[in-house]
Amino acid sequence: MISCPLKCKGKFYEMKVLELHVSEECINRPVSCPTCNQPLLYHELQGHDFVCLKKIISCPHKNILGSFGGCPEEFERKDLYEHLKSCKIEPFKEAFRGINMQMMTLERKIELLQRSYKEELDKLSTLKLHAEDVSTPDQVRTILKYNPAIRSLHLLEFQPGIRWQCLTEVLQTNDIITTISLKGSEIERVGAVLLAKALKHNNYIHTLILSDNNIGDQGIGYLSKSLEINKTIKQIDLAGNNLGDKGMELLCRALELNSSIEIIDLSWNNFRTKGIEFLSKVIERTRCKIHTLNISNNDIGYKGIENLAKGLEFNSSIISLNLEHTKVGNKGVEYLSMSLEKNVTLEKLILADNHIDDRGIELLSDAISVNQTLHTLDLENNSISDIGTDLIIKSMNKSAFVAFSSGNNSGFGNMIRTIYLRRNAITREGLRNSIKGIKFVRVVSERE
């Protein structure tokens, strides 16, 4: 074992790893200030930024009046004293601060009023309708006619039957309702047939919540045919509907033709490797518009992840991907890592509860150091130790630093990465050592 020659307390078994550490990772490596060229150690760079005399800064009274602004002048830090002598706001700064405090109080009151108004408006625009409230289509039409603010229907206990048939008949011609929620109504296959008929003729619904309805493969087959025609639905929730590989095949045929769906929830179903293969072919297409994909709590396994990674490699739309409790494992992480090295859109990846240990984190860290878009990584409830934690934190920090240095983002705040590490095998001391000198990463753990 070789100790770091820069005395950072790091120890290494391989000379190549040591050389990489000294040149790119050690907090005691020599660097220079990019503004004034003063020689520093890397861990001193952040503190020096607050005292560098050649750094361009704004007048301390720039935002003295909040959103109304203040003094717009910028200059080198060494010229601050001279600027304050001529600054027009400096003599009146105390009066301006008092005005600003009053304005902030008023803005806060306005914000609270706006929030209260929005909550009341949401109540007026959402109608909860029980099956027992409906007996004829005219009843539903009358309710909507005399409540023109209603945009969202939350339907309760509308099992297949005459009442559900009445409602779907109204939806065929309705041009007001934009959101339909049937969560937990158990409409099953028969209800899906009637809903599919309504969707074929409706061009106003953009959100469809069908979670926990036991639609099954046959039911999704009918819905899929309507989705091939419908061009307005942007969000669809199909969680907990007992969809198998056959159901995924039918759904994915529709998704290949439908370019309007942006958010889709397929969690808590029964599809496996073959179902993911169909989905992968959808997301690799250039016309795919899906930006939020949830396939958590499915028995996918590393083979399914291998298929998904092939599509993710070429996908240019997905921003958020939820793979919680899908049996990814270290092997699945290996496939994901290869796709992350080429993917340029993914910002949030959830890998919670997937039996991932330090070996998987090592593979993931290599990919993240290359990827510059991923800013949120959820690794809760895995088997990651202090070694894996150190690897992933430093990789995300390095990725963010490279992106920040190349000017890909407008400011420091936009670069902060977040890693969720609750319920892992991490010690308090190990976490404390891992975050030393880390500038761009926020770690959320049980031992913060």
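These numbers were taken from a predicted model, which means no experiment stands behind them. (Residues numbered from 1 in each chain as written. Predicted model: local features only at pLDDT ≥ 70, side-chain atom pairs only at ≥ 80, totals over all residues. Heavy atoms only, no water.)

### Some words on the pattern of salt bridges
Moving on, step 1. Applying the stated criterion across every chain yields a total of 24 salt bridges.
Moving on, step 2. Note that Asp-79 and Lys-78 form a salt bridge whose closest N and O atoms lie 3.5 Å from each other.
Moving on, step 3. Note on Asp-79: relative accessible area 30%, which makes it partly exposed.
Moving on, step 4. What emerges from the salt-bridge pattern is a single network uniting Glu-76, Lys-78 and Asp-79. (Salt bridge = Lys/Arg side-chain N within 4 Å of Asp/Glu carboxyl O. Buried < 20%, exposed > 50% of the residue type's maximum accessible area, 1.4 Å probe, protein only.)

### Observations regarding a positive patch on the surface
Moving on, step 1. Residues Lys-9, Arg-428, Arg-432 and Lys-436 make up a contiguous surface patch of positive charge.
Moving on, step 2. In this structure, Arg-432 sits in helix H15 (residues 428–434).
Moving on, step 3. Residue classification places Arg-432 among the partly exposed residues on the basis of a relative accessible area of 44%. (Patch = residues over 30% accessible without salt bridge, like charges linked within 9 Å, V, L, I, M, F, W, Y side chains within 5 Å. Areas by Shrake-Rupley, 256 points an atom, 1.4 Å probe, with all protein chains shown as cover. Lys, Arg positive; Asp, Glu negative; His and termini not counted. Charge placed at Lys NZ, Arg CZ, Asp CG, Glu CD. Helix = DSSP H or I, 4+ residues; strand = E, 2+ residues; numbered from the N terminus.)

### Observations regarding the packing of helix H11 (residues 301–314) against helix H12 (residues 329–340)
Moving on, step 1. Two elements in contact, H11 and H12, have axes whose closest approach is 8 Å; the angle formed by their N-to-C orientations is 5°. With respect to H12, the element H11 is oriented roughly parallel. Judged by residue contacts, Tyr-302, Ile-305, Glu-306, Ala-309, Leu-312 and Glu-313 of H11 engage Lys-331, Gly-332, Tyr-335, Leu-336 and Ser-339 from H12.
Moving on, step 2. Considering only residue class, the contact of H11 with H12 consists of six nonpolar, two polar and three charged. (Axes fitted to C-alpha atoms, helices over the stretch in contact; angles between N-to-C directions. Parallel < 35°, antiparallel > 145°, perpendicular 65-115°, else oblique. Contact = heavy atoms within 4.5 Å. Nonpolar A, V, L, I, M, F, W, Y, C, P; charged D, E, K, R; others polar.)

### Some thoughts on unusual backbone geometry
Moving on, step 1. Phi is positive for Asn-214, which is not a glycine, with a value near 50°.
Moving on, step 2. On the secondary structure map, Asn-214 appears in the loop between strand S10 (207–209) and helix H8 (216–229).
Moving on, step 3. Asn-214 gets classed as partly exposed once you look at its relative accessible area, which sits at 32%.
Moving on, step 4. The backbone of Arg-423 shows a phi angle near 55°, a positive value even though the residue is not glycine.

### Regarding the nonpolar core
Moving on, step 1. Counting 87 residues, the largest nonpolar core has Ile-295, Leu-351, Leu-364, Leu-377 and Leu-379 as the members making the most contacts within it.
Moving on, step 2. Once residues lying within four places of it in the same chain are set aside, the contact partners of Leu-379 are Leu-351, Ala-352, Ile-361, Leu-364, Ile-384, Ile-392, Ile-419, Tyr-420, Leu-421 and Asn-424. (Core = buried A, V, L, I, M, F, W, Y, C linked by side-chain atoms within 4.5 Å.)

### Comments concerning the sheet that holds strand S9 (residues 179–181)
Moving on, step 1. A sheet is described by the order of its strands in space; here twelve strands give the open sequence S7-S8-S9-S10-S11-S12-S13-S14-S15-S16-S17-S18, paired in parallel fashion. Both edges of this open sheet fall to strand S7 (126–130) and strand S18 (441–444), since each of them pairs with a single strand only. Between one strand and the next, the sheet's axes are offset by a mean angle of 5°, whatever the strand orientation. (Pairing = 2+ DSSP bridges.)

### Examining H8
Moving on, step 1. For H8, spanning 14 residues, the distance from its first C-alpha to its last is 21 Å, which sits close to the expected 20 Å at 1.5 Å a residue.
Moving on, step 2. Taken residue by residue, H8 has Gly-216, Gly-219, Ile-220, Gly-221, Leu-223, Ser-224, Ser-226 and Leu-227 as its buried positions.
Moving on, step 3. Its buried side turned inward, H8 meets helix H7 (188–201), strand S11 (235–237) and helix H9 (245–257). (Expected span 1.5 Å × (residues − 1).)

### Some points on the side chain of Asn-294
Moving on, step 1. Inspection of the secondary structure assignment puts Asn-294 in strand S13 (residues 292–294).
Moving on, step 2. Exposure remark for Asn-294: the relative accessible area of 16% places this residue in the buried category.
Moving on, step 3. If we ignore the near neighbours within four places in the chain, the residues touching Asn-294 are Ile-264, Asp-265, Leu-266, Ser-267 and Asn-322.

### Notes on the pairing of S18
Moving on, step 1. Summarising the sheet, strand S17 (residues 417–420) and S18 pair through four bridges and their orientation is parallel. Each bridged residue has a counterpart across the sheet, and for Tyr-420 the counterpart in S18 is Val-444.
Moving on, step 2. As for the winding sense of the linkage, the β-α-β connection from S17 through H15 to S18 is right-handed. (Right-handed = clockwise from strand over helix to strand, strands pointing away.)

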